[in-house]
Amino acid sequence: MYSFKHRYSGMKYMLADIFFPNRCPFCDDVIPWTDAACDECADSVEYFDGTVSVCRKCGRSMCVCSEESFVTDRIYSGGYYANELRRAVLSMKYHKNENAAEFFAEVLFSQMKHDNFTDFDYIVPVPMNIKKERRRGYNQAEYLAECIGKYIPDAQIRNDLLVRKYSRRQQHDRNAEERHEAALAEYSAAEGVRLDGDKILLCDDIFTTGATVNRCADLLKIMGADSVTAAVCCISG
């Protein structure tokens, strides 16, 4: 189980709290600077805490492997994209909420550690289009990758392996067929890079239709990766 209490200590966090009050990633209420969530959300948030049986191929508690195909070898997710988890993803995505990122990173790593599946050569974030990343100031998938990387120090974070072309239209504005077509057109592999025999951990915020993650996993395997495991904050039900 994830501990939401007394997560932080030290002068850095105490001083930062004066200018940037600590906020619950699930409801956005101001909380003590030592905590990672308010008491109400800590008691009610539903996530894949290790007590829920989850299919490692599709990443869901209700297996959909017979209905969908996956390029990834495994999928780890924090839980379903709804309620408190949805709010936490949006808080991380648009406000770079540290509590949310640390929560998802620890939940995902705990699942991998439980499976004795933590041996990776590279941690690869799904790229954003460059104009949006410049406006926002960061890539939430890369932020997640950095947080997970604290638990897997031997794995190097690589944000230079995948490339995304600029598109005015966002993925959440597209239907499933359009998402798959857009993923094929917008994502490509970096030129001249080989990953022969490497084990990759691919990070993203949300797994909806799987178009983006599957396309990126396919590119990494074309580059020679031996396996690609996805780690996502949330997955659609």
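Below: a short report on this structure. (Residues numbered from 1 in each chain as written. Predicted model: local features only at pLDDT ≥ 70, side-chain atom pairs only at ≥ 80, totals over all residues. Heavy atoms only, no water.)

### Quick look at the overall build of the chain
Then, number 1: Within the chain one finds eight helices and seven strands.
Then, number 2: For the chain, with 237 residues in total, the buried portion stands at 50%.
Then, number 3: The long-range share in the chain, meaning contacts at least 24 apart out of those at least 6 apart in sequence, stands at 73%.
Then, number 4: When the accessible area of the chain is evaluated, it comes to approximately 11,900 Å², of which 48% is carbon and sulfur surface. (Helix = DSSP H or I, 4+ residues; strand = E, 2+ residues; numbered from the N terminus. Buried < 20%, exposed > 50% of the residue type's maximum accessible area, 1.4 Å probe, protein only. Contact = heavy atoms within 4.5 Å. Areas by Shrake-Rupley, 256 points an atom, 1.4 Å probe, with all protein chains shown as cover.)

### Points about the environment of Arg164
Then, number 1: With respect to the helices and strands, the residue Arg164 is situated in strand β4 (residues 162-164).
Then, number 2: Judged by its relative accessible area of 16%, Arg164 is buried.
Then, number 3: The sequence separation of Arg164 and Met128 amounts to 36 residues, and the corresponding C-alpha distance is 6.4 Å.
Then, number 4: At 3.2 Å, the side chain of Arg164 and the side chain of Glu186 are in polar contact.
Then, number 5: Side-chain polar atoms of Arg164 contact the side chain of Tyr187, separated by 3.2 Å. (Polar contact = N/O pair within 3.5 Å; in protein donor to acceptor, adjacent residues only side chain to side chain.)

### Structural notes on helix α7 (residues 176-186)
Then, number 1: Here α7 has its buried residues at Arg179, Ala182, Ala183 and Glu186. The buried residues of α7 occupy one face: seen down the axis, they fall within an arc of 105°. Turned more than 90 degrees off the buried face of α7, the exposed positions are Glu177 and Leu184.
Then, number 2: Buried residues along α7 sit in contact with β4, β5 (187-189) and α8 (211-222). (Arc of directions from axis to C-beta.)

### Side note on the nonpolar core
Then, number 1: Of all hydrophobic cores here, the largest spans 40 residues; its most connected members are Phe26, Phe103, Phe104, Ile148 and Leu201.
Then, number 2: Excluding anything up to four places from it in sequence, Phe103 contacts Tyr2, Phe4, Phe26, Tyr47 and Leu85.
Then, number 3: Counting residues in hydrophobic clusters, the runner-up holds 28 residues, among them Ile75, Leu162, Ile200 and Met223. (Core = buried A, V, L, I, M, F, W, Y, C linked by side-chain atoms within 4.5 Å.)

### Quick notes on the sheet that holds strand β2 (residues 122-125)
Then, number 1: Across the sheet, which stays open at both edges, the five strands sit in the order β1-β7-β6-β2-β3 with parallel pairing between neighbours. What marks the edges here is a single partner per strand, and that holds for β1 (74-77) and β3 (156-157).
Then, number 2: Relative to strand β6 (residues 199-207), β2 runs parallel, the two being bridged by four bridges. What sits directly across from Ile123, in β6, is Leu201.
Then, number 3: In the packing of helix α6 (residues 140-149) onto the sheet, the strands contacted are β2, β3, β6 and β7 (227-235), and the crossing angle to β6 comes to about 130°. (Pairing = 2+ DSSP bridges. Axes fitted to C-alpha atoms, helices over the stretch in contact; angles between N-to-C directions.)

### A look at the pairing of β2
Then, number 1: Burial along β2 is two-sided: the residues Tyr122 and Val124 and Ile123 and Pro125 are all buried.
Then, number 2: In this sheet, β3 lies alongside β2 in parallel orientation, the contact comprising two bridges. What sits directly across from Tyr122, in β3, is Gln156.

### So, the pattern of salt bridges
Then, number 1: Enumeration over the complete set of coordinates arrives at nine salt bridges.
Then, number 2: Salt-bridge contacts for Lys221 lead to Asp73; the nearest nitrogen and oxygen are separated by 3.1 Å. Here Lys221, found in helix α8, pairs with Asp73, found in the loop between α2 (39-44) and β1; they are 148 residues apart in sequence, far enough to count as distant.
Then, number 3: What makes Asp73 partly exposed here is its relative accessible area of 33%.
Then, number 4: In this structure, Arg158 engages Asp160 in a salt bridge whose closest nitrogen and oxygen atoms are separated by 2.8 Å.
Then, number 5: The class for Arg158 is buried, based on a relative accessible area of 14%.
Then, number 6: Exposure remark for Asp160: the relative accessible area of 41% places this residue in the partly exposed category. (Salt bridge = Lys/Arg side-chain N within 4 Å of Asp/Glu carboxyl O.)

### Topic: the packing of aromatic side chains
Then, number 1: Evaluation of the coordinates by the stated rule reveals eight aromatic pairs.
Then, number 2: Where Phe48 meets Tyr80, the ring centres are 5.4 Å apart and the plane angle is 85°; that geometry is what we call edge-to-face. Here the residue Phe48 occupies a position in the loop between α2 and β1, and Tyr80 occupies one in the loop between β1 and α3 (83-95), the gap between them amounting to 32 residues.
Then, number 3: Classification of Phe48 by relative accessible area gives buried; the value is 6%.
Then, number 4: Ring centres of Tyr138 and Tyr143 lie 6.5 Å apart, and the angle between their planes is 70°; on these two criteria the pair is classed as edge-to-face. Pair check on accessibility: Tyr138 and Tyr143 agree, each one buried.
Then, number 5: Positioned above the aromatic ring of Phe117, the side-chain terminus of Arg74 is 4.0 Å from the ring centre. (Phe/Tyr/Trp six-rings, centres within 6.5 Å; stacked < 30°, edge-to-face > 60°. Lys NZ or Arg CZ within 6 Å of the ring centre and 35° of its normal.)

Just geometry here; none of it tells us what the structure is for.
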